[in-house]
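Secondary and tertiary structure notes
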Amino acid sequence: MLRGTGRDLKASIIIDDFGGGVGGVEEFLEGKVPITAAVMPFTPKSKEHAEWAHKNGFEVMVHLPMQPKKGKRSWLGPKPITVDLTPEEARKRVEQAIDNVPYAKGLNNHMGSLAVENEKIVREIVKVAKEKRLYIVDSGTSPKSKFPEIAKEFGVPLLKRDVFLDDISSEAHVKKQMARLAVLTEQTGKGIAIGHVGVSGRVCSAGVIHSMDDFKNRNIKIVPVSQLLSKEMYQKYLWPY
Ligand SMILES: [Zn+2]
């Protein structure tokens, strides 16, 4: 085939809430789909899940708990990033979160509809991400997120979630969302979906796994998130691994 005649279609599937939820953990981490594992820091399983993922060849991200507009505090787990923190406190928590999740190459937000709109907080996260050479995925919990603007200011690679896979917990719905990811990837060349382990983990893993034939037929490759970054970004942004 001549170069440039075929398009290189790539999609990433980030699975959130490792470290927290149990359902689907083994299905994904012992499975064959090259998902990217977003691991919550500060839980008894954070380190174990990050190491397990890495050992089996999965890319790891920090799933940073951030304050939402609505919802229970308990959904955030320990040491979340809340808007009442000083910049110094926020920075320290982000650094600790990254230390807590070995092998992380990027970070995304868990919840955070309130905190992602807060410039002071987002600035600290982006600064630490730059120092630690992490990319950022905006999970897309608020349309007024400050991540795009501030990541651009600091030259930190930022991608945005296109599709949620399991906002309705059924395998049929996950498959429908996977089909949306495929169409979007065909239109734009790349796409990012987010699913979860935990309550919906088993249906999410089943839906993802049972969509792989469709992706193969459409010639769409599932890749770790870092492979969605432009070559230039990738080269400029060297990871210590
Ligand atoms: Zn989450």
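Given the structure is predicted, the values throughout are model-derived calculations rather than measurements.

**As for the packing of helix α6 (residues 171–188) against helix α7 (residues 201–209)**
- Between α6 and α7, the least distance of the axes is 8 Å, while the angle of their chain directions is 45 degrees. On the basis of their axis angle, the class for α6 and α7 is oblique. Crossing handedness for the pair α6 and α7: right-handed. Note on element contacts: α7 touches α6 through V203, C204, A206, G207 and V208, opposite E171, V174, K175 and M178.
- Split into classes, the residues belonging to the contact of α6 with α7 amount to 6 nonpolar, 1 polar and 2 charged.

**A word on the coordination of the zinc ion**
- In this structure, D17 (OD), H63 (NE2) and H110 (ND1) serve as the protein donors to the zinc ion, at separations of 2.1 to 2.2 Å.
- Mapping the donors of the zinc ion onto the primary sequence yields the spacing D-x45-H-x46-H. A residue pair is termed long-range when its members are at least 10 positions apart, and D17 in strand β1 (residues 9–18) and H63 in strand β3 (residues 59–66) qualify at 46 residues.
- D17 sits in the buried class, given a relative accessible area of 15%.
- Taking the relative accessible area as the measure of exposure, H63 reaches 1% and is therefore buried.

**Section: the confidence of the model for the protein chain**
- This prediction gives the protein chain a mean pLDDT of 94; 96% of its residues lie at or above 70.
- Under a pLDDT of 50 for its full length, residues 1–5 has, in the predicted model, 1 contact with residues more than four places off or in other chains.

Calculation rules
- Residues numbered from 1 in each chain as written.
- Predicted model: local features only at pLDDT ≥ 70, side-chain atom pairs only at ≥ 80, totals over all residues.
- Heavy atoms only, no water.
- Axes fitted to C-alpha atoms, helices over the stretch in contact; angles between N-to-C directions.
- Helix = DSSP H or I, 4+ residues; strand = E, 2+ residues; numbered from the N terminus.
- Parallel < 35°, antiparallel > 145°, perpendicular 65-115°, else oblique.
- Left-handed = near helix turned anticlockwise from the far one by under 90°.
- Contact = heavy atoms within 4.5 Å.
- Nonpolar A, V, L, I, M, F, W, Y, C, P; charged D, E, K, R; others polar.
- Donors = N, O, S within 2.8 Å, 3.2 Å for Na, K, Ca; no water.
- Buried < 20%, exposed > 50% of the residue type's maximum accessible area, 1.4 Å probe, protein only.
- pLDDT = per-residue confidence, 0-100.

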